[in-house]
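# Survey of secondary and tertiary structure
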Amino acid sequence: MAKLLQHPPKFLPSEWHIANKNQYHRAEAQRSRSERLVAESQRLVNEIEKTTRKSQSDVNKKLEQRLEEVRFWKKELDDKLEQLVHATEDLLIYQTRLEKALESFKEPLHITEKCLEYREKRVGIDLVHDEVEQELIKEAEIIRGAMALLTRTLEETSEQIRLNRAAKYSLEKDLRDKFTALTIDDICFSLNNNSPDIKCSENVVRVEANSVSLEDWMDFSNTNVEKADKQRNNSLTLKALVDRTLSQTANDLSRQCDVVDTAFKNGLKETKDARDKLAAHLAKVMEEIASQEKNITVLEKAILDQEGPAKVAHTRLETRTHRPNVELCHDGAQHRLIKEVDEITHNVARLKEMLAQAQVELRGLNGRQLALQEEIQVKENTIYIDEVLCMRVRKSIPPRGGDDHGKWAGDLDPDTVCCKSDSQRGISGDSTLKCC
């Protein structure tokens, strides 16, 4: 108990001084560490603040550069889209021109085929494969070839329009994405530390699975631009091809029309000359028939008093002169009758011989008259077909020039053309050749 009440030990003065000094030193050391920490903290704060400002500045510059880059590609895409749209609009116009041109060639082909059909109604020796028919066949081939060429060109134009629209779709999709990216980056560029609605989010520092590299991004837009350029250049080339095709087909048809018309004119002149020569020969033959008939009358009067056998023979000869058309031939029976006249009428020498010769010549002249009249009708039929039916309806074929291939001169219905003379009525024996 006594020990518990003992006073604590007392330290020596030296110990007291040493203890104070130790406290002083520890306090000084603690204060120095704290001062250094404060200084370091300030430097760290300043450094981080500077780094943060620099980072934000760099990010802003990068965003600004990115915005400029996207704007550049957007402008490129906009320009290519505008050019492609104009090229497609031009091709649509050219497509319409081709369709009208193709439609306009149907009528000339119909007229050419109609002319060939009409000329099949020529008869006799005039049903000849002449220059007119050759040129008409060539004209039909040229028109069919032109229509085939126009059809192929129209198909190429339609395909090019489809390709243009596909390239346009790619450009528009890329432009929509560029616009969205511009909007997003523009918002990001406008943000600052005092902007409202800024916040920290979890897991933002990540690479999206569907993200692409910068090179891939540039290649994508560059591919769209090159594709648009290619289709635009193809469109320009195709436009030039369409112009040449339209001009070539129109010129080919125009030239061939002129050739056919010239052939028609030359053929008509030749046919009319032949008709006129036949008419002149017909007039001479008819004069000779009249002269021979007078001669026969004189001879018949001279032998009027001959006996029955002679009369029978003469009657037979005269009766057989009334055989129609080609039946009026100098056959064996005819020879036998002449011989019978000689046998029966020994005394009828030179007079009856002369009468027989006169009758033979008259029959020959009558046959020649019929042949000439028929041949003149054949020529009239040919002239009617070529001049009235074909040449009039062909006036609507030649194009009016320029690029307007869709319109032609007014049609003339050949079935309503009136005949000019009685000799032209019903010559062909076909009901399609109508007369007024």
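For the structure, see preceding data.
Residues numbered from 1 in each chain as written. Predicted model: local features only at pLDDT ≥ 70, side-chain atom pairs only at ≥ 80, totals over all residues. Heavy atoms only, no water.

It is worth spelling out the pattern of salt bridges at this point. Pairs may arise between side chains of opposite charge once their charged atoms sit close together. What the rule picks out here adds up to 31 salt bridges. Across the salt bridge formed by Asp78 and Lys74, the nearest N and O atoms sit 3.2 Å from each other. In this pair, Asp78 and Lys74 both sit in helix 1 (residues 13–104), 4 residues apart, roughly one turn of the helix. A relative accessible area of 31% means that Asp78 is categorised as partly exposed. Between Glu113 and Arg144 there is a salt bridge, with its nearest N and O atoms 2.9 Å apart. Of the two residues, Glu113 sits in helix 2 (residues 106–119) while Arg144 sits in helix 3 (residues 131–190), which places them 31 residues apart along the sequence. By relative accessible area, Glu113 is classed as partly exposed at 34%. Through salt bridges with shared partners, one network takes in Arg119, Arg122, Asp130, Glu133 and Asp386. (Salt bridge = Lys/Arg side-chain N within 4 Å of Asp/Glu carboxyl O. Helix = DSSP H or I, 4+ residues; strand = E, 2+ residues; numbered from the N terminus. Buried < 20%, exposed > 50% of the residue type's maximum accessible area, 1.4 Å probe, protein only.)

With that out of the way, let us pick up a negative patch on the surface. There is a patch of like negative charges on the surface, built from Glu215, Asp216, Asp219 and Glu226. Positionally, Asp219 belongs in helix 4 (residues 214–302). On the basis of relative accessibility, which here comes to 44%, the residue Asp219 falls in the partly exposed class. (Patch = residues over 30% accessible without salt bridge, like charges linked within 9 Å, V, L, I, M, F, W, Y side chains within 5 Å. Areas by Shrake-Rupley, 256 points an atom, 1.4 Å probe, with all protein chains shown as cover. Lys, Arg positive; Asp, Glu negative; His and termini not counted. Charge placed at Lys NZ, Arg CZ, Asp CG, Glu CD.)

This structure, assessed with the given rule, holds 1 aromatic pair. Between Phe72 and Trp73, the aromatic rings sit 5.6 Å apart at their centres with planes inclined by 75°, giving edge-to-face as the arrangement. The cationic tip of Arg66 hangs over the ring face of Trp217; the distance from NZ or CZ to the ring centre is 3.8 Å. The ring centre of Tyr94 lies 4.8 Å from the NZ or CZ of Arg97, which sits over that ring. (Phe/Tyr/Trp six-rings, centres within 6.5 Å; stacked < 30°, edge-to-face > 60°. Lys NZ or Arg CZ within 6 Å of the ring centre and 35° of its normal.)

With that settled, the discussion passes to the layout of surface pockets. Estimated volume of the largest pocket: approximately 500 Å³. Taken together, the elements giving at least two residues each to the lining of the largest pocket come down to helix 3 and helix 4. No other element matches helix 3, which puts 5 residues into the lining of the largest pocket. Among the residues forming the lining of the largest pocket, the class breakdown is 5 nonpolar, 2 polar and 6 charged. (1 Å grid on protein atoms, 1.4 Å probe; cavity = no way out; pocket = protein on both sides within 12 Å on 5 of 7 lines; lining within 4 Å. Points joined across faces, edges and corners; volume = space filled by probe spheres on them. Nonpolar A, V, L, I, M, F, W, Y, C, P; charged D, E, K, R; others polar.)

On the surface, Ile187, Leu191 and Ile198 cluster together into a nonpolar patch covering about 260 Å² of accessible area. The topology assignment puts Ile187 in helix 3.

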